Amino acid sequence: MAYFPEVEKIQYEGPDSDNNLAFRYYNPDELVEGKAMKDHLRFSAAFWHCMRANGSDPFGAPTMYMPWDDGSNSVANAQKRVPVFFEMLEKLQMPYFCFHDRDIAPEGDTLKETNANLDEVVKVFKDEMARTGKKLLWGTANLFGNPRFMHGAATSCHADSFAYAAAQVKKAIEVTKELGGEGYVFWGGREGYMSWLNTDMKRELDHLAIFMHMAVDYAKEIGFKGQFYFEPKPKEPTKHQYDFDSAACINFLRANGLENDVKMNIETNHATLAGHAVEHELDYAGSQGMLGSVDANNGDMLLGWDTDQFPTDVYLTTKMMLVILKYGGFTTGGLNFDAKRRRESFQPLDLFYAHIGGMDTFARGLKIAAEIRKSGELENMVKERYSSWDSGIGADIEAGKVCFNCLEKYMLEKGEVAPLSSGRQELYENVFNKYIK
Ligand code: XUL
Ligand code: CO
């Protein structure tokens, strides 16, 4: 169409295709475990990375070639970006998108003006959504960019920053509802601290809980039915982010009575920064009944920051899909590409190569994960590893039938534990590898 004339709608052509503008694995209607791939994967593109990441870094100027953008901070320019984004979604067969309030519309001089700007751009989103049938996976608010949030937003030492953030999130939830959003994400931004010396941690954490409760209450008040998510990230921009990882976030939610209203949005690169593998983060959230959605990307093991690269590692996506399938798949959530092109990949066409790669890598991971599950080989090995819990003393412990006294008696009679079995990590890795085809 208008903005990407060199790209036709991307079609599935199969693994042997030589066409780099085709899917080799993502075949939206193909059934995997009885469900269409598109319904398993629920792909989403991030407006901020696609339309606003200009390629600048701390050492260099913007590099991205975006001929549709006049570079100004006007509402008209913000509106012009929207159909470009939707043309990209259409050509990629991408069913969902996500946005931050400040990515889609510029701030004005007052909150009132800023809200009015947002409304003007939201109108264009509504039109484009109606025209294309694309849907909003989740919305969120940028509570970290403006200097008024330099000390944080909900956890700021300044009450006014908290109040502004609340007003901003109120509006962002309203807009998300207006666009039929299926979720709303809290990501800490600057909800953390740099120096312990100047920080009242308990007070900040209490404020964060008050803030999230207000958001949840307001959503109920206006009838917003979308799912709330909390997105962990251990550092960057602050040294100690309160939303460090799944375990820390879930502890915070439970400690503050938010566990029934908020699930987790797990991002691969954030898991890595926390010193975890993403499958660990997903499984932790899933095991607690809180696996909601995924920000799909990849970091660079040699760089210690949030590089937000597109995922191209089939081992990674296979493990991710194994966890996601294990917990029954997505309901409200999906795979949102919170990923951007490298600054050297500056041409519009690179947006397509980037997303095609990410989509294909997840589709391939899904198919391999389904094969692994179908064979039951790995599952049976794990089951066998824990078999001492299926009968005898193990089953009694799990059933809560025994106490320390009984276990002492049992062990005094037995004298020593039964022979242990090998962990066979290398065998597990070999078996897993066997399926990567
Ligand atoms: C930041 C990040 C955010 C959240 C939404 O690292 O991942 O884009 O996904 O605010
Ligand atoms: Co993210």
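Everything below is about the structure shown above.
Notes on the structure in this doc start here.

Conventions and cut-offs
Per chain, the residues get numbers from 1 upward, laid out in the order the sequence is written. Written order determines the labels here, with chains lettered from A and ligands numbered from 1. Confidence filtering applies because this is a predicted model: local features only for residues at pLDDT of at least 70, side-chain atom pairs given and counted only at 80 or more, and all residues used for totals across whole chains, interfaces and linings. Side-chain metrics in this entry use all non-hydrogen atoms of the structure; hydrogen atoms and water are not considered. Strands are runs of DSSP state E lasting at least two residues, helices are runs of H or I lasting at least four, and both sets are numbered from the N terminus onward. A radius of gyration in this sense is built from C-alpha atoms; the matching globule rule multiplies 2.2 Å by the number of residues raised to 0.38. Only protein chains enter the accessibility calculation, which uses a 1.4 Å probe. A residue is then buried if its area is under 20% of the maximum for its type, exposed if over 50%, and partly exposed in between. Each accessible area is a Shrake-Rupley result for a 1.4 Å probe, and residues are judged covered by the shown protein chains and nothing else. When charges are tallied, Lys and Arg are placed among the positive residues and Asp and Glu among the negative ones, while His and the ends of the chain are skipped. Note on charges: their place is set at NZ of Lys, CZ of Arg, CG of Asp or CD of Glu. Here a pair means two rings of Phe, Tyr or Trp (six-membered ring of Trp) with centres within 6.5 Å. Their orientation is stacked below 30 degrees between planes, edge-to-face above 60, and tilted elsewhere. Metal sites are built from N, O and S donor atoms within 2.8 Å, or 3.2 Å for Na, K and Ca, and they leave out water, so they may look incomplete. Here the metal geometry follows the donor angles, with tetrahedral for four donors whose angles all fall between 85 and 135 degrees, square planar for four and octahedral for six when opposite donors are more than 155 degrees apart and every other angle is between 65 and 115, and irregular for all the rest. By this definition, two strands are paired if DSSP reports at least two bridges between them. Fitting a line to C-alpha atoms yields each axis, with helices limited to the stretch in contact; the angle taken between N-to-C directions then spans 0 to 180 degrees. By definition, residues are in contact when any of their heavy atoms lie within 4.5 Å. One side-chain nitrogen of Lys or Arg within 4 Å of one carboxyl oxygen of Asp or Glu is enough to make a salt bridge. Put simply, a residue is near a molecule or strand once any heavy atom of it comes within 4 Å of that molecule or strand. Think of a polar contact as two N or O atoms within 3.5 Å of one another; within protein, one of them needs to be a possible hydrogen donor and the other a possible acceptor, and neighboring residues in sequence only count if both atoms come from side chains. A helix's residues, less one, multiplied by 1.5 Å, set its expected span. Angle categories: roughly parallel below 35 degrees, roughly antiparallel above 145, roughly perpendicular from 65 to 115, and oblique for all the rest. A crossing counts as left-handed when the near helix is turned anticlockwise from the far one by less than a right angle, and as right-handed when that turn is clockwise. Gly counts as polar in this scheme, as do all residues outside two lists: the nonpolar Ala, Val, Leu, Ile, Met, Phe, Trp, Tyr, Cys and Pro, and the charged Asp, Glu, Lys and Arg.

### Details of the overall build of the chain
Per the secondary structure count, the chain includes 16 helices and 14 strands. Over its C-alpha trace the chain gives a radius of gyration of 24 Å, about what one expects of a compact globule, namely 22 Å for 437 residues. Dimensions along the principal axes, computed over C-alpha positions, put the chain at roughly 80 × 60 × 45 Å. Evaluated residue by residue, the chain yields a buried proportion of 49% over its 437 residues. Accessible surface for the chain amounts to roughly 20900 Å². Of this, 53% is attributable to carbon and sulfur atoms. Taken as two groups, the 48 positive and 64 negative side-chain charges of the chain have centres that lie 2 Å from each other.

### Section: the packing of aromatic side chains
Using the criterion set out here, one finds 26 aromatic pairs in the structure. Each ring, one from Phe149 and one from Tyr164, has its centre 6.2 Å from the other, and the planes form 70 degrees; the classification is edge-to-face. Of this pair, Phe149 sits in the loop between strand E7 (135-140) and helix H6 (159-178) while Tyr164 is found in helix H6, placing the two residues 15 residues apart along the sequence. Aromatic pair Tyr315 and Phe432: ring centres 6.1 Å apart, planes at 50 degrees, arrangement tilted. One end of the pair, Tyr315, is in helix H11 (residues 314-326); the other, Phe432, is in helix H16 (residues 425-435), and 117 residues separate them in sequence. The class of Tyr315 is partly exposed, set by a relative accessible area of 38%. Accessibility expressed as a relative area gives 9% for Phe432, which makes it buried.

### Things to note about the coordination of the cobalt ion (ligand 2)
Each angle at a metal carrying four tetrahedral donors should ideally be 109.5 degrees, and each at a metal carrying six octahedral donors should ideally be 90 or 180 degrees. Protein ligation of the cobalt ion (ligand 2) involves Glu231 (OE), Glu267 (OE), Asp295 (OD) and Asp338 (OD), the donor distances falling in the range 2.0 to 2.2 Å. The site at the cobalt ion (ligand 2) holds 6 donor atoms, and with the angles between them running 81 to 169 degrees, its shape is octahedral.

### What about the sheet that holds strand E8 (residues 183-187)?
Spatially, the 8 strands close up into a barrel ordered E5-E6-E7-E8-E10-E12-E13-E14, and their pairing is parallel. Here the strands of the sheet are splayed against their neighbours by 30 degrees on average, with no regard to which way each runs. Examined bridge by bridge, E8 and strand E10 (residues 227-231) share 5 bridges and lie parallel to one another. Within E10, the residue paired with Gly183 across the bridge is Gln227.

### With respect to the side chain of Thr318
Mapped onto the elements, Thr318 comes out in helix H11. Not counting residues up to four positions away in its chain, the partners in contact with Thr318 are Gly365, Ile368, Ala369, Ile372, Phe432 and Ile436.

### Things to note about the pattern of salt bridges
In this structure the tally under the stated criterion is 25 salt bridges. With its nearest N and O atoms 3.4 Å apart, the salt bridge here joins Lys80 to Asp70. Taken together, the residues Lys80 in helix H3 (residues 75-92) and Asp70 in the loop between helix H2 (47-52) and H3 connect sequence positions 10 residues apart. Under the relative-accessibility criterion, Lys80 is labelled partly exposed at 39%.

### Examining the side chain of Ser44
Here Ser44 is to be found in strand E5 (residues 43-46). Looking at Ser44, the relative accessible area reads 0%, which means it is buried. Excluding its chain neighbours within four sequence positions, the residues that come into contact with Ser44 are Met94, Tyr96, Phe97, Cys98, Leu137, Leu335, Asn336 and Phe337.

### Focus on unusual backbone geometry
Here the residue pair Glu236 and Pro237 is connected by a cis peptide bond, since its omega of 10 degrees sits within 30 degrees of zero. Of note, Pro237 is situated in the loop between E10 and strand E11 (240-241). The backbone of Arg42 shows a phi angle near 40 degrees, a positive value even though the residue is not glycine. Classification of Arg42 by relative accessible area gives buried; the value is 11%. Unlike most non-glycine residues, Glu236 shows phi in positive territory, near 70 degrees. Relative to the elements of secondary structure, Glu236 occurs in the loop between E10 and E11.

### With respect to the site of ligand 1
Close to ligand 1 lie Trp48, His100, Trp138, Trp187, Glu231, Lys233, Glu267, His270, Asp295, Asp306 and Asp338. A distance of 2.8 Å separates an oxygen atom of ligand 1 from a polar side-chain atom of Glu267. Take Asp306: an N or O atom from its side chain is 3.1 Å from an oxygen atom of ligand 1. In the complex, the protein chains occlude 93% of the 290 Å² of accessible area that ligand 1 would expose alone.

### Digging into helix H5 (residues 111-132)
The first and last C-alpha atoms of H5 sit 31 Å apart over 22 residues, in line with the 32 Å expected at 1.5 Å per residue. In the core, the buried residues of H5 are packed alongside H2, H3, strand E6 (96-100), helix H4 (101-104), E7 and H6. Trailing H5 by a residue or two, Gly133 shows a phi angle of about 80 degrees, which is positive.

### Points about the environment of Glu236
By relative accessible area, which is 28% here, Glu236 ends up partly exposed. Excluding its chain neighbours within four sequence positions, the residues that come into contact with Glu236 are Trp187, Gln241, Trp305 and Asp306. In terms of polar contacts, Glu236 uses its side chain to reach the backbone amide nitrogen of Asp306, at 3.3 Å.

### Some points on the packing of H3 against helix H12 (residues 348-375)
For the pair H3 and H12, interaxial distance at closest approach is 11 Å and the crossing angle is 45 degrees. Taken together, H3 and H12 sit at an angle that is classed as oblique. With respect to the hand of their crossing, H3 and H12 are arranged in right-handed fashion. Between H3, through Met88, Lys91 and Leu92, and H12, the contact on the second element is made entirely by Leu351, Phe352, His355, Ile356 and Met359. Along the lines of polarity and charge, the residues of the contact of H3 with H12 split into 6 nonpolar, 1 polar and 1 charged.

### As for H12
Helical geometry note: an α-helix holds 3.6 residues per turn, so side chains three or four residues apart project in the same direction. Spanning 28 residues, H12 covers 42 Å between terminal C-alpha atoms, matching the ideal 40 Å at 1.5 Å per step. Count one or two residues on from H12 and you reach Gly376, which has phi positive near 70 degrees.

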